[in-house]
Amino acid sequence: MIPALLIAAAVLAQLALQPAAPQPAAPTSLQPPGLHDSIPAITLPGLIYAKPFFPGATYDAAVPTPDSVLGFPVGSRPANHAQIEAVIKAIAAKSPRVKLFEYGKTHVGRTLYYAVIASPERIKALDELKADYAKLADPRQAPAADIDALITKLPALAWMAYVIHGDELSGSDASLAVLHHLAASNDADVKTLLDNLVVVIDPLMNPDGRDHWLIDAAHSRTKQPQVDDQSLMHSGIWPSGRMNHYLFDMNRDWIFATQPESRGRIAAVRDWNPHYFMESHEMGSQDSFLFMPAREAINPNHSPSTQKWVAVFGREQAAAFDTQGWRYYTGEWNDDWYPGYSSSWAGLRGSIQNLYEQAAINVDAVRRPEGALEPYRESVHKQLISSMANLATLAKNRAAVLTDFVVERRKVMSDDSAYAKRTFAVIPTANTTRLNQFLDLLTIQGFEFTRAEKPFTTDALDRLGVSRPAQAFPAGTILIPNRQPLARLLAAMLEFDPRMSPEYLTTERRELLRFGRSKIYDITGWSIPMLFDVETFQLAAFPTDADAKPLTFAAPAPSKPTLPETTVGYAINGLDDRSVAAAARLMERGLWLRLSLKPTTLAPDALPRGSVIILNKDNAHTGLNVRTLTAEVLAELNLPAAALKTGWGEGDLPDLGGENFPLLQPPRIAVLGRNPASPYSYGQIWYTLDHVLGARANYLDFDSAAFADLRRYNVIILPDGTGPKLADRLPALKSWVESGGTLIAIGDASAALATEKGLGSVRTLEDSITKPEPFIQAIIREYHGLTESVAANTGYDFAPRTGDQAIQYPWDGSTADKPSDDELKRRDEWRKIFMPQGVILAARTDDRSFLTVGSDDRQSMLPVLYTGSTILLAPAGQAPVRLGVFQPTPPKPSASERTPSEPTASEPKASAGGPAGAPSSPTAPKLGWTIAPPNHELRLRMSGLLWPEAAERLANSAYLTRESLGNGQIILFAADPNFRAATLGSTRLFTNAAIYGPGAGANQPIKP
Ligand SMILES: [Zn+2]
């Protein structure tokens, strides 16, 4: 037992030392010798929080206390990763109730741990326990009676996951106190708890972020206390410690599993199948404390059963706070629509979920509006009381929770489950890297899938939500039945278009109109088949004639592959995403390459557009061994190549010596980062170049880059966030582009360039709302450029001879009733209120642009995630990717023709261009600022919430533009193409731009 007074004394002693108390890895003190030593730190009233964490508890003295390992009272200030590691190892070494597991390494190399705490007997038999939990999670594994017997004897499993946002500190310190208490308490209540529970504690999910933040905070340390939450020690420094090393928000990554920390965690949770899952966070310093339940919108795949329990846990947590007199709330800003938050993901796996959000104190204390101080240790105490309250609720309800867990699993796999009526079918693609990434994600999540050995035909629904009767599927189609133990998570990740309720949509719309703000916390569409751009269909039944078999993964290629000798050269299939990485790495080794801009067949090899060509002739003068170097790079990337036998393109197809095979130039990339760049945008670029491509790039400080020698680079990338600070950089960037540079901008950086005072001729919608005609004409011209044909036997009769044959202009009538400029602006301001939070839109791609190579085998339609507020209008031929795909206006479907999974009209229509089934009209339908071709509609929304007003702004705007300027080019992305490293379809556009840009889109001088 540690009396309160003792704690107070210890905290006071610590405060007296503070800030002199040493903390490994970072200096925390300013301690000059001499005169100044005599001036003590100020003691503010209320700075010390001395309440004991576990009043009256008695402990096994053999188990070390966190205080003894840390050298300061646990919770009095944040421990760093090394200190946390030391505490959990020390406790695990001495407590028979604890076993420590490593589950991964961070990017920087810090080890990730979870501790299992259970009764000593159970700790000795953890593998058996794990196997029993697996049976509850998949009741097919055992007879019902056996499962029921397990329910009566098994403890419930709580997964307590602390601090995924590295600068939300208090949870980790609380976790050390909780761990010690459970590991060492001699008291009956803890023993009873462990009769009913197994507790897993992950004390720190984001070690890189936490240590990053603590080091920054140490550098901002003052001798006197800091209680102003606007000061540097509280606010942090760009990019803060929220994210991991590559600046990913790992609390969004559970459904994408791109980061090593997430991958380790997902595997660990999959191993144990917890019944309760909690994630701890912090929020604004002046806030109070939030826990679950969440409020609408709640993802429809969450089960009513877990939702019911979430409320039970919340009530008892509230009661625990009431005994302390602490303020708290539930719901308010906390929705549960996006499934990639920690507890949402776990909830969809069947765990009762919870989220703690404590007001961030960070260090010392924070002065509140009423004048009181909230000390850091109090914030730790709230996390701790919450943890213990939830564990008590779980222990008390052990049998009922386990019963409901199993009932729920049986329900989702029953015949009358909605999930039993859906199978996802993924068409195989030559983009092996992409397909493997998709299958890897299914595998790590623990989903079941098979491969069709035979072709089959069945009715299907495509990703646009369009019914495809009797759709043919080839052998090799991946089949993912939704009827499986993890049905809910699978549906949440893969389904095309979940719907918010009309009641919620009403609330959201009123919120937008009244307060100009959305109630939605994250993106509204994330369907993996769309973000990954793998061509996927939904089937109403599992195709029994497909001869589906479990999929066996191909053995890795031999480590020392050889390529056959050839006089011509080699080609790498451009459909594979890794062909871009191969190009970057081959150029890094000094080889000269070409890119194919049109599909061709150099017999016997059919080469899709975007193939990378390595010619002996281009490289003969370098003295490099083309064959050996190519084989080495292919081995690094596990890619095949064809040995070309000829440069002769079959028939009219391009030959190797012509203009369709430009010479690539080695990219020398600079990314302008740090303030004011968005850390996410910057991090995603950094990760994509560094990890996805494995390419060298240079990462510059935005401010210092004003004085940098830009001639070193031929590609400069401006992340989202840099837009507002770009104005004074434009003259330098302009002359750099004109001399041959490739300038790539994203989001608001694109918006800053797309103005009268910017660079080039692309404009934002705001800039052009009163004069959109040139951009409308561009769309008409592009459309006719793809669709016009001259009728047979026309001869030259179409040429006017008498002058009386009037030319029909395709925009006739479209501008007849143009409103005044004021009205146009007023309408756009109104539409702006409804801009989306992150929605997946269908885009059409230009098959003659080097930027779109690699996306040709999938419906000529590219799903892109639109975020932010940049809307770009582009002149004809300058938009390789435009938002929306034109489709003939279909006849209005009767109710019986609707498939069950099709929308039922509660939400704004996906398409624009007049109601479906409207009488055909020779004039072009109006779509906000733009138009659609006569008798066509524009399919725009694929997944997520898109109000019709916003659709009218986004329709036909450019997602990606490219324009020559002097010898160089400007490439603008309206939204972030590398979002969370999960938007693989649009990431390919970005990697094409960065690696192929200097050769395929800019002119480089011959150096005589
Ligand atoms: Zn957080």
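Located above this text is the structure these notes cover.
Not measured: the values here are computed from a predicted model.

Things to note about the coordination of the zinc ion
Donor atoms from the polypeptide that bind the zinc ion are H165 (ND1), E168 (OE), E168 (OE) and H281 (ND1), placed at 2.0 to 2.6 Å. Angles of 55 to 152° at the metal separate the 4 donor atoms of the zinc ion, which places the site in the irregular class. Positions of the donor residues of the zinc ion, expressed as sequence spacing, correspond to H-x2-E-x112-H. Here E168 is found in the loop between strand 3 (156-162) and helix 7 (170-184), whereas its partner H281 is found in strand 5 (residues 276-283), with 113 residues between them in sequence. The residues E168 and H281 share a single accessibility class, namely buried.

Quick word on the pairing of strand 1 (residues 98-105)
For strand 1 and strand 2 (residues 111-117), the ladder comprises 7 bridges, and the chain directions are antiparallel. Counted as the bridge partner of G104 is L112 from strand 2.

Some remarks on the layout of surface pockets
Roughly 1200 Å³ of volume is contained in the second largest pocket. As for the second largest pocket, its lining consists of 48 residues, and the residues nearest its centre are T432, T433, N436, Q437 and R578. Elements with a minimum of two residues in the lining of the second largest pocket: helix 16 (432-445), strand 18 (569-572), helix 23 (679-692) and helix 30 (984-1000).

Comments concerning the pattern of salt bridges
Applying the stated criterion across every chain yields a total of 52 salt bridges. In this structure, the salt-bridge partner of E588 is R696, at a minimum N-O distance of 2.9 Å. Placement of E588 in helix 20 (residues 578-588) and of R696 in the loop between helix 23 and strand 25 (698-701) is noted, with a sequence separation of 108 residues between them. Given a relative accessible area of 62%, R696 falls into the exposed group. With a closest N to O distance of 3.8 Å, K832 and E766 form a salt bridge.

So, the sheet that holds strand 23 (residues 642-644)
Within the open sheet, the 4 strands sit side by side as 19-22-18-23. Their pairing is antiparallel. Since the sheet does not close on itself, it has two edges, and those belong to strand 19 (594-595) and strand 23, each with one partner.

Digging into the nonpolar core
It is characteristic of soluble globular proteins that their nonpolar side chains tend to be buried jointly. Of all hydrophobic cores here, the largest spans 165 residues; its most connected members are L136, M160, F438 and I480. Broken down by element, the residue count for this core peaks at 9 residues, all from helix 14 (residues 376-396). Here F438 is in contact with V426, I480, L494, I528, F532 and V534, once residues within four sequence places are set aside. In terms of nonpolar packing, the next biggest core, distinct from the first, is built from 120 residues, V626, A695, L938 and F990 among them.

Things to note about the side chain of D335
Relative to the elements of secondary structure, D335 occurs in the loop between strand 7 (329-330) and helix 13 (342-348). The side chain of D335 sits in the buried core without any salt bridge; R295 is the nearest counter-charge, 4.1 Å away. Within the structure, the side chain of D335 is placed 3.2 Å from the backbone nitrogen of Y521, a separation counted as a polar contact. Not counting residues within four places of it along the chain, the set of residues in contact with D335 comprises A294, R295, E296, A297, Y341, K519, I520 and Y521.

Quick look at unusual backbone geometry
Here the amide bond leading from E296 into A297 is cis, since omega sits at 5°, within 30 degrees of zero. Position of A297 relative to the elements: it lies in the loop between strand 6 (289-291) and helix 12 (304-324). Cis geometry is found at the peptide bond from N675 to P676, where omega equals 10°. Tracing the backbone shows P676 in the loop between strand 24 (669-673) and helix 23. If you check the backbone angles, D547 has positive phi at about 50° while not being a glycine. In this structure, D547 sits in the loop between strand 16 (536-539) and strand 17 (548-550). With phi around 55°, A981 is a residue other than glycine that occupies positive phi space.

A short note on the packing of aromatic side chains
Going through the model one piece at a time under the given rule, you end up with 35 aromatic pairs. Between Y246 and Y687 the ring centres are 5.5 Å apart and the planes differ by 80°, which places this aromatic pair in the edge-to-face class. A residue pair is termed long-range when its members are at least 10 positions apart, and Y246 in the loop between helix 10 (232-235) and helix 11 (260-272) and Y687 in helix 23 qualify at 441 residues. A residue is classified by how much of its surface remains accessible, and Y246, at 7% relative accessible area, is buried. Take Y687: its relative accessible area is 10%, and that puts it in the buried class.

Reading the values: the criteria
Residues numbered from 1 in each chain as written. Predicted model: local features only at pLDDT ≥ 70, side-chain atom pairs only at ≥ 80, totals over all residues. Heavy atoms only, no water. Donors = N, O, S within 2.8 Å, 3.2 Å for Na, K, Ca; no water. Tetrahedral: all angles 85-135°; square planar, octahedral: opposite > 155°, others 65-115°. Helix = DSSP H or I, 4+ residues; strand = E, 2+ residues; numbered from the N terminus. Buried < 20%, exposed > 50% of the residue type's maximum accessible area, 1.4 Å probe, protein only. Pairing = 2+ DSSP bridges. 1 Å grid on protein atoms, 1.4 Å probe; cavity = no way out; pocket = protein on both sides within 12 Å on 5 of 7 lines; lining within 4 Å. Points joined across faces, edges and corners; volume = space filled by probe spheres on them. Salt bridge = Lys/Arg side-chain N within 4 Å of Asp/Glu carboxyl O. Core = buried A, V, L, I, M, F, W, Y, C linked by side-chain atoms within 4.5 Å. Contact = heavy atoms within 4.5 Å. Lys, Arg positive; Asp, Glu negative; His and termini not counted. Polar contact = N/O pair within 3.5 Å; in protein donor to acceptor, adjacent residues only side chain to side chain. Phe/Tyr/Trp six-rings, centres within 6.5 Å; stacked < 30°, edge-to-face > 60°.

Coordinates in, geometry out; function isn't part of it.
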